[in-house]
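# Close look at the chain arrangement
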Amino acid sequence: MVFVKDWWRGASGRTDRALGFSGTKCGRACFCIARRRISTDVAWLATLIYLTTPWTLRISLIAYAEGSLAFYLISSTMCALLVGQIPGRAVGLSIIAGLLAGNAMASKYTGLISVILPTAAVIAYQIWRSI
């Protein structure tokens, strides 16, 4: 914003476009988890339910950070649960889950309590269970 001398072309004027896609990214993550855990039909239903929820549209239009927080929560949880399922990739998946959880806290400070601590607990449990 300072370099361009315009609030609209600067960083804060464009965050609404980045946050607007959080709903679709979270819907895609719901689809991937449901397809992997249950079936493709359930995955389509879960995605449809998530994307047609009025909260998802409202948060995406206002450009609040809750949409990105939800995306990073579901993505880091997905990676943390895969740590125990793919034994050769435990370290890499733990790093990716940690980066996603860190992005959750970067988008909103409440990500520390709602994303980072549960993700760390799930990863620790997955590693402890595999030992």
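Let me begin by describing the structure that accompanies this report. Since this is a predicted model, take the numbers as computed values, not measurements. (Residues numbered from 1 in each chain as written. Predicted model: local features only at pLDDT ≥ 70, side-chain atom pairs only at ≥ 80, totals over all residues. Heavy atoms only, no water.)

What the rule picks out here adds up to zero disulfides. With no disulfide partner, C26 has as its closest neighbouring cysteine sulfur the one in C30, 4.8 Å distant. The class of C26 is buried, set by a relative accessible area of 3%. Using a relative accessible area of 16% as the deciding quantity, one classes C30 as buried. (Disulfide = S-S within 2.5 Å. Buried < 20%, exposed > 50% of the residue type's maximum accessible area, 1.4 Å probe, protein only.)

This structure, assessed with the given rule, holds three aromatic pairs. Ring plane angle 55° and centroid distance 5.3 Å describe the contact between F71 and Y72, whose orientation is recorded as tilted. The class for F71 is buried, based on a relative accessible area of 15%. When its relative accessible area of 19% is taken as the criterion, Y72 is described as buried. Directly above the ring of F71 sits K25, whose terminal nitrogen or CZ lies 4.8 Å from the centroid. (Phe/Tyr/Trp six-rings, centres within 6.5 Å; stacked < 30°, edge-to-face > 60°. Lys NZ or Arg CZ within 6 Å of the ring centre and 35° of its normal.)

Let us look at helix α5 (residues 66–83). Its 18 residues give α5 an end-to-end C-alpha distance of 26 Å, which sits within 8% of 26 Å, the value for a rise of 1.5 Å per residue. Of all 18 residues in α5, 13 are buried; the element is thus mostly enclosed. (Helix = DSSP H or I, 4+ residues; strand = E, 2+ residues; numbered from the N terminus. Expected span 1.5 Å × (residues − 1).)

Relative to the helices and strands, P118 resides in helix α7 (residues 111–130). Separated by 45 residues in the primary sequence, P118 and L73 have C-alpha atoms spaced 9.4 Å apart.

Attention now moves to the side chain of S94. Here S94 shows up in helix α6 (residues 90–107). Non-local contacts of S94, meaning those with residues more than four positions away in its chain, are made with V83, I123 and I127. (Contact = heavy atoms within 4.5 Å.)

Our next topic: the packing of α5 against α7. To describe two helices that pack against each other, one gives the angle between their axes and the distance between the axes. Where α5 meets α7, the axes come as close as 8 Å, and the angle between the chain directions of the two elements is 10°. The pairing of α5 with α7 is recorded here as roughly parallel in orientation. Between α5, through L69, Y72, L73, S76, A80, L81 and V83, and α7, the contact on the second element is made entirely by G111, S114, V115, T119, V122, I123, Q126 and I127. Looking at the contact of α5 with α7 residue by residue, the class counts come to 10 nonpolar, five polar and no charged. (Axes fitted to C-alpha atoms, helices over the stretch in contact; angles between N-to-C directions. Parallel < 35°, antiparallel > 145°, perpendicular 65-115°, else oblique. Nonpolar A, V, L, I, M, F, W, Y, C, P; charged D, E, K, R; others polar.)

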